[in-house]
Amino acid sequence: MTDALTLTLTPNLAKPDDSYALLLAAHEGLTKAQSDALNARLILLLANHIGDPQVLKQALTEAKRGLRDD
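Thresholds, definitions, all that
Residues numbered from 1 in each chain as written. Predicted model: local features only at pLDDT ≥ 70, side-chain atom pairs only at ≥ 80, totals over all residues. Heavy atoms only, no water. Helix = DSSP H or I, 4+ residues; strand = E, 2+ residues; numbered from the N terminus. Rg over C-alpha atoms; globule rule 2.2 N^0.38 Å. 1 Å grid on protein atoms, 1.4 Å probe; cavity = no way out; pocket = protein on both sides within 12 Å on 5 of 7 lines; lining within 4 Å. Points joined across faces, edges and corners; volume = space filled by probe spheres on them. Nonpolar A, V, L, I, M, F, W, Y, C, P; charged D, E, K, R; others polar. Expected span 1.5 Å × (residues − 1). Polar contact = N/O pair within 3.5 Å; in protein donor to acceptor, adjacent residues only side chain to side chain.

## A look at the overall build of the chain
When helices and strands are counted, the chain shows three helices and zero strands. When the elements of the chain are put in sequence order from the N terminus, they spell out α-α-α. Since a compact globule built from 70 residues should have a radius of gyration of about 11 Å, the 14 Å found for the chain marks it as more spread out than a globular shape. With respect to the three principal axes, the spread of C-alpha positions in the chain is 40 × 35 × 25 Å.

This is how it looks when you write it as structure tokens:
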């Protein structure tokens, strides 16, 4: 059982391929700007769902991991 204040990093999607397909389908037919806006809105909705600023901070840190050269 995970702590409610800890980001879940282990696989947690019942059907990850289906979830990925949903994400791809949501972007079909959108311009780059619309796709970026969809991503931003999705991030804000999921951040609101998370609710806890510490878990959100963990998620942001994890998402940035490997993006910088340091």
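Still to come is the rest of the account.
## Section: the layout of surface pockets
A probe as big as a water molecule, rolled over the atoms, marks out the empty space that is left. Approximately 980 Å³ is the volume attributed to the largest pocket. For the largest pocket, the lining is made up of 23 residues, of which Leu7, Thr8, Leu46, Ile50 and Ala59 are closest to its centre. The set of elements that each furnish at least two residues to the lining of the largest pocket consists of helix H1 (16-27), helix H2 (32-50) and helix H3 (53-64). When residues in the lining of the largest pocket are grouped by element, the largest group, seven residues, is from H2. Classifying every residue of the lining of the largest pocket gives 16 nonpolar, six polar and one charged.

## Re H3
Over its twelve residues, H3 runs 16 Å from end to end, which matches the ideal 16 Å to within 8%, given 1.5 Å per residue. With a side-chain oxygen positioned 2.8 Å from the backbone nitrogen of Gln54, the residue opening H3 is Asp52. Downstream of H3 by one or two residues, Gly66 has phi in the positive range, about 85°.

By themselves these figures say nothing about function.
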